[in-house]
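Coordinate inspection notes
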Amino acid sequence: MIAKNFGFLSVVQVALAYGPGSFISPTSVARGLTDDSGLLTPDGDGPFLFTSGLANTFRVETFNITQTGSTSSYFIQGSQRWVSIKLLAGPGLAFSSLGFRATSDHTPLDLISGSFNSSSTLLDRIWSLGPTAVHVSCVKNGTQTATWERAGDSGVLVRGQKPGRTYKLVDKLPTTMYNLTFQTKIARGGAGWQVDAGLGGQGIWMFLTGNLPSSTTYANHNYSMFPANSIVVGAGFGPVNVTTLPGYNVATFALNKTIPENTWLNITTTSHAMSSYTVYIDSEPVVFLNTTAITYLPPPLPYFGNNTIGFGGWQDTAAYYRNVKVVDGDEVVVYKSSLKQRGVLAEYGVETSPYTVCLDGGKRDRLVWTGDFFWTARSLAVSTATWEYVRGTIDYVLDSAMYTGAIPTSNPMGISLAAGQVYDESTAADSLADYDLDFLNVVYDYYMRTGDLSFIKAKWTQIVKVMDFVASFVNPSTKLWAPGIVEKGATNGTTSTAMLAYTFNNVAKLATALGHKSLATSYAQTANTSASAVQTLLWNEDAGYFNTSLTSDAFAYIDLAWSIIAGIATPSQAASQLQHLEKLKYTIGYLADSTVNVEALLKVNATDEAHFLLNNLWGAMAKPSNYYSGGSWEYVYPDGTPGLNLFTSLAHGWGSGPTSILTHQVLGLTPVTPGYRTWSFAPLEFGLTRNSGVVPTPFGSIKASWKIDDKGKMVLEVTAPKGTTGKVVPPGSRDRTWACEGKSGLKGPIKVEGGKTVVIREE
């Protein structure tokens, strides 16, 4: 996603604006953008001030072209699909070529391993959203490159981006008083640093702007926001608001001195109990700010973790930093770094990524969110089958786990394992514990779809620690699951406890496969007692549904879904809950919707409701429109447009669930035993007249199809690899009879052997 190969006529300046959304799969077709698109705004579809993400924080880049040749962006632009180019200065510019260089896989969809091809063009397009999101979100080690540059005796060169922050000061930075000192040399524009900052990005951000000489200053520099020879103080996630990330431009201080470029400056920032700040340049006090007097600022509670420091400037700036020291009020050195040593980039979270991982999205957050990984991995399994991404993500998450077994919910790339464990520990109170369950189910799904028991065995000790940590939240008296924070449902609730039961049943099967009988028994017992607790304590007989939690008797769609998926709801309870769905219907979906609801609806043959969700909610993503990206979206507004406006991610694995659901539940191809050694082909008609697809397996591809012939009879066909065995379960009434391989009068299920093509005809 790096622009390259510029050709030009003379000295010019060029600005590139990116956005919005995702890099398009080569087989996708994009329509035009609306008038309020990122291409027509000064900042593109950015900036994104949450994390550095080993990508450009800003969606605008400026290039000063002085000679012919090839020019490439230093930063990756995450999930880029559009670029506009504006000539800022100079007589003109000619391109010999212009394009993107992708840093993730973009194999055309007609060349990937899996497929889904039905009589519904819309369902086919919905299925294709998943592999496109996988392409954008999953990246190989070494492809997401460092965003700082080591510069020898000059320390590090940091181009304008969200500050990288050291993990080594977490829980060590004084909260009473401390002095941060360092040296900086501005190469262009200015320098920036953070104090009292959380690992997740909030904090106080200082921007020092130099004297802005014309020889280095770009024509699009924002003089009103960053005047020459000044210090701008931002708070929150930065000096500007970006949708869900509150930022504050607190104050601008004009300096009574010239700040030259290419000259080392000695900077000291004093934090007085995280409430007031003094800045010194070459020992001269130039700024004093009392933040307690600013009533609109939030309290100093950094997002994700306790306080630390960081370095990074604003768009298109560049500066060197070295010789950092933090001293407390008693003159004790708390932290010291020359910023010249090996490992400094990993310490600050800006090193080239050493792991192959799946991110939540290529644009943002560019974090390894374990909840998003659940659906990304399922989409990958039936489409690209690029299992190295799943193994790499599992490795990364388990290697970053704490000694307690707690795993990171959303660690970034570019950090060392030691940093990863600090991220995990510092964010434990904010972790979404149900994401741990999502992650464990990815591990189980990986085994079921690959049969790779050796990988599970190598990770088993780590998996058991995670299981112990998760089990520690089971309420000893009620047997409901009661972690502090969950994303889905509520603690002490139906969804959270049903997820626990589902997960422990799955991991019990892994324990059995590895020969750990006592663990398998223990996990299965936990699953059974928790499922029983949901039935006993949360079923609301009068209302006819499962209560959300012990403290809420509300009906929620996701409680219906998980009670079905975990096998807790009886058929009559599922039917009773379905009667409450209508009151949750809202425009294109249901209130508090999620992908898992489609899976649950199809499990109980609620096909009308499943059609409604797929055709409307995912139809908004899949139908040609101004917002079509080829990938599944992160959020959707009730009117069918992308949620979060330009800030949104239009290629997010989180939204790709229908890809695996359409393969497994509509086409009906599923593994019965690990690695598809035995499999099932049980299609749903689902209002279709034909359907076909391919599922990749370790033995080779399984190809399955059905159609209605010219006599109105169904014909099923399946080709499976040699060494596998399957059962075909024709849809519809059990009174239907079938002919197969010379036999007639057959009723399903019909056993078939792999290594050949089998045709089954309705009689």
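First, a word on what this report is: a plain description of the structure on this page. (Residues numbered from 1 in each chain as written. Predicted model: local features only at pLDDT ≥ 70, side-chain atom pairs only at ≥ 80, totals over all residues. Heavy atoms only, no water.)

Things to note about the sheet that holds strand β33 (residues 738-740)
What the seven strands build is an open sheet, ordered β4-β29-β30-β31-β36-β33-β34; its pairing is antiparallel. Because the sheet does not close on itself, it has two edges, and the strands there are β4 (115-118) and β34 (743-746). For this sheet, the mean inter-axis angle between neighbouring strands, taken without regard to orientation, is 15°. Alignment of strand β31 (residues 714-719) against strand β36 (residues 757-762), held across five bridges, turns out to be antiparallel. From the neighbouring strand, V718 faces β36, where its bridge partner is V758. Against the sheet, helix α14 (residues 657-667) makes contact with β4, β29 (690-695) and β30 (702-708), and its axis sits at roughly 120° relative to β29, the strand it touches most. (Pairing = 2+ DSSP bridges. Helix = DSSP H or I, 4+ residues; strand = E, 2+ residues; numbered from the N terminus. Axes fitted to C-alpha atoms, helices over the stretch in contact; angles between N-to-C directions. Contact = heavy atoms within 4.5 Å.)

Here we look at the pattern of salt bridges
Considering all chains together, one arrives at 20 salt bridges under this definition. In this structure, D45 engages R59 in a salt bridge whose closest nitrogen and oxygen atoms are separated by 2.6 Å. In this pair, D45 is assigned in the loop between β1 (12-18) and β2 (60-65) and R59 in the loop between β1 and β2, connecting sequence segments 14 residues apart. You'll find D45 and R59 in the same group, each marked buried. The partner of D445 in a salt bridge is R449, and the shortest N-O contact between them spans 3.5 Å. You can see D445 and its partner R449 sitting in helix α6 (residues 434-450), four residues apart, about one turn around the helix. Side by side, D445 and R449 carry an identical accessibility label, which is buried. (Salt bridge = Lys/Arg side-chain N within 4 Å of Asp/Glu carboxyl O. Buried < 20%, exposed > 50% of the residue type's maximum accessible area, 1.4 Å probe, protein only.)

Digging into the pairing of strand β14 (residues 264-272)
Sheet topology note: the strand β9 (residues 177-188)/β14 ladder contains nine bridges and is antiparallel. Note that in β14 the partner of Q183 across the bridge is N266. Strand direction decides the pairing type here: β14 and strand β15 (residues 276-281), joined by six bridges, are antiparallel. Bridge pairing in β15 places T270 opposite T278. In textbook terms, the turn of a hairpin is the stretch between consecutive antiparallel strands, and for β14 and β15 this stretch comprises three residues, one of which, A273, has a positive phi near 55°.

Some details on the side chain of N441
By the secondary structure assignment, N441 is in helix α6. For N441, a relative accessible area of 1% corresponds to the buried category. Side-chain polar atoms of N441 contact the side chain of N506, separated by 3.0 Å. N441 has contacts with F374, Y502, T503 and N506, leaving out every residue within four places of it along the chain. (Polar contact = N/O pair within 3.5 Å; in protein donor to acceptor, adjacent residues only side chain to side chain.)

Concerning unusual backbone geometry
Here the bond from G46 into P47 is cis, since omega is 0°, no more than 30 degrees from zero. Inspection of the secondary structure assignment puts P47 in the loop between β1 and β2. Here the bond from R364 into D365 is cis, since omega is 10°, no more than 30 degrees from zero. Structurally, D365 is set in the loop between β20 (357-358) and β21 (367-369). Even without being a glycine, A273 presents a positive backbone phi close to 55°. Relative to the elements of secondary structure, A273 occurs in the loop between β14 and β15. Note on A273: relative accessible area 41%, which makes it partly exposed.

Considering empty space enclosed by the protein
By the definition in use, this model includes five cavities of 30 Å³ or more. Empty space within the second largest cavity amounts to approximately 100 Å³. Lining the second largest cavity, in full, are F48, T51, S52, G53, A55, N56, T57, R59, G78, K363, D365 and R366. Classifying every residue of the lining of the second largest cavity by side-chain character gives two nonpolar, six polar and four charged. (1 Å grid on protein atoms, 1.4 Å probe; cavity = no way out; pocket = protein on both sides within 12 Å on 5 of 7 lines; lining within 4 Å. Points joined across faces, edges and corners; volume = space filled by probe spheres on them. Nonpolar A, V, L, I, M, F, W, Y, C, P; charged D, E, K, R; others polar.)

What about the state of the cysteines?
Following the criterion strictly, the structure yields one disulfide and no others. Here C138 pairs with C358 through a disulfide, and the sulfurs are 2.2 Å apart. For the disulfide bridge between C138 and C358, the dihedral angle about the S-S bond is near 100°, and by the sign convention the bridge is right-handed. In this pair, C138 sits in strand β5 (residues 138-139) while C358 sits in strand β20, placing the two residues 220 residues apart along the sequence. Neither residue differs from the other here; C138 and C358 are each classed as buried. (Disulfide = S-S within 2.5 Å.)

Some words on the pairing of β34
Both β33 and β34 contribute to a ladder of two bridges, which runs antiparallel. The residue bridging W738 from the neighbouring strand is L746, located in β34. Connecting the antiparallel pair β33 and β34 is a turn made up of two residues, with E741 showing a positive phi of about 50°.

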